Amino acid sequence: MAQIVLIHSAYGLRPAVSAAAERLRAAGHVVHTPDLYEGRVFEDVEAGMAYRDEVTNDELLRRAIKAVAPLLSAGAGTEQGLVYAGFSLGGALAQNLALADERARGLLLLHGTSDIREDARTGIPVQLHVAEPDPFEPEDWLNTWYLLMTRAGADVEVHRYHGAGHLYTDPELPDYDAEAAELTWAAALDFLAELDG
């Protein structure tokens, strides 16, 4: 059983995030889904990104840290460390949290990554799922991200889904790709099971 922090995308805490959390809970994991948009949900990515820009990435990261802090306190049941996960923008935030948490157990990235400091150090297992091609995660950047993450010491596994849309795991969005989504969740559940092993 893993304790997972699952962070929503720029669309906000959509039903797909809750459904993903339930899927992970059904596999025996404890899942936390912080609402960094404080109740706001958007129907298109432009509106969601505009709100993100208004709030700023720094403020969203501050909100994420505040949401995670109680889970890191003594007696919170996270002695083995948290698994950080997120969708797109949420993946970027999850990555920042994981790299700052010396006790992090793993990092599951769905559709999104973040910059990595040159001096970053971690030994966590990382699994990334991303469309191919993806306008938000271009090939050159993904190559750089992979090199930096492995140089930092992470054990990185990348899954690419040719022809899928950016947020292909959300069945209510035009990006949805059922086959890619099922392959993603199968691999993600295996990844989480290995962390328990």
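One can find the structure itself at the top, above this paragraph.
These numbers were taken from a predicted model, which means no experiment stands behind them.

Chemist: So what about the overall build of the protein chain? Which residues, and what values?
Modeler: On a plain count of helices and strands, the protein chain comes out with 6 helices and 6 strands. In terms of C-alpha radius of gyration, the protein chain reaches 15 Å, essentially the compact-globule figure of 16 Å for 197 residues. Dimensions along the principal axes, computed over C-alpha positions, put the protein chain at roughly 40 × 35 × 35 Å. Per-residue burial over the protein chain gives 50% buried out of 197 residues. Taking the contacts inside the protein chain whose residues are at least 6 apart along the sequence as the reference set, 64% of them involve residues at least 24 apart. Approximately 9200 Å² of the protein chain is accessible, and the part contributed by carbon and sulfur atoms is 52%.

Chemist: Summarise the packing of helix α2 (residues 45-55) against helix α3 (residues 57-72); cite the residues concerned and give the values.
Modeler: Two measures define how a pair of helices packs: the angle their axes make with one another and the distance between the axes. Axis separation between α2 and α3 bottoms out at 6 Å; the angle between their running directions is 85 degrees. The orientation of α2 with respect to α3, classified from their angle, is roughly perpendicular. Residues Tyr51, Arg52 and Val55 of α2 lie in contact with α3, whose contacting residues are Asn57, Glu59, Leu60 and Arg63. For the contact of α2 with α3, the residue count by class is 3 nonpolar, 1 polar and 3 charged.

Criteria and cut-off values
Residues numbered from 1 in each chain as written. Predicted model: local features only at pLDDT ≥ 70, side-chain atom pairs only at ≥ 80, totals over all residues. Heavy atoms only, no water. Helix = DSSP H or I, 4+ residues; strand = E, 2+ residues; numbered from the N terminus. Rg over C-alpha atoms; globule rule 2.2 N^0.38 Å. Buried < 20%, exposed > 50% of the residue type's maximum accessible area, 1.4 Å probe, protein only. Contact = heavy atoms within 4.5 Å. Areas by Shrake-Rupley, 256 points an atom, 1.4 Å probe, with all protein chains shown as cover. Axes fitted to C-alpha atoms, helices over the stretch in contact; angles between N-to-C directions. Parallel < 35°, antiparallel > 145°, perpendicular 65-115°, else oblique. Nonpolar A, V, L, I, M, F, W, Y, C, P; charged D, E, K, R; others polar.

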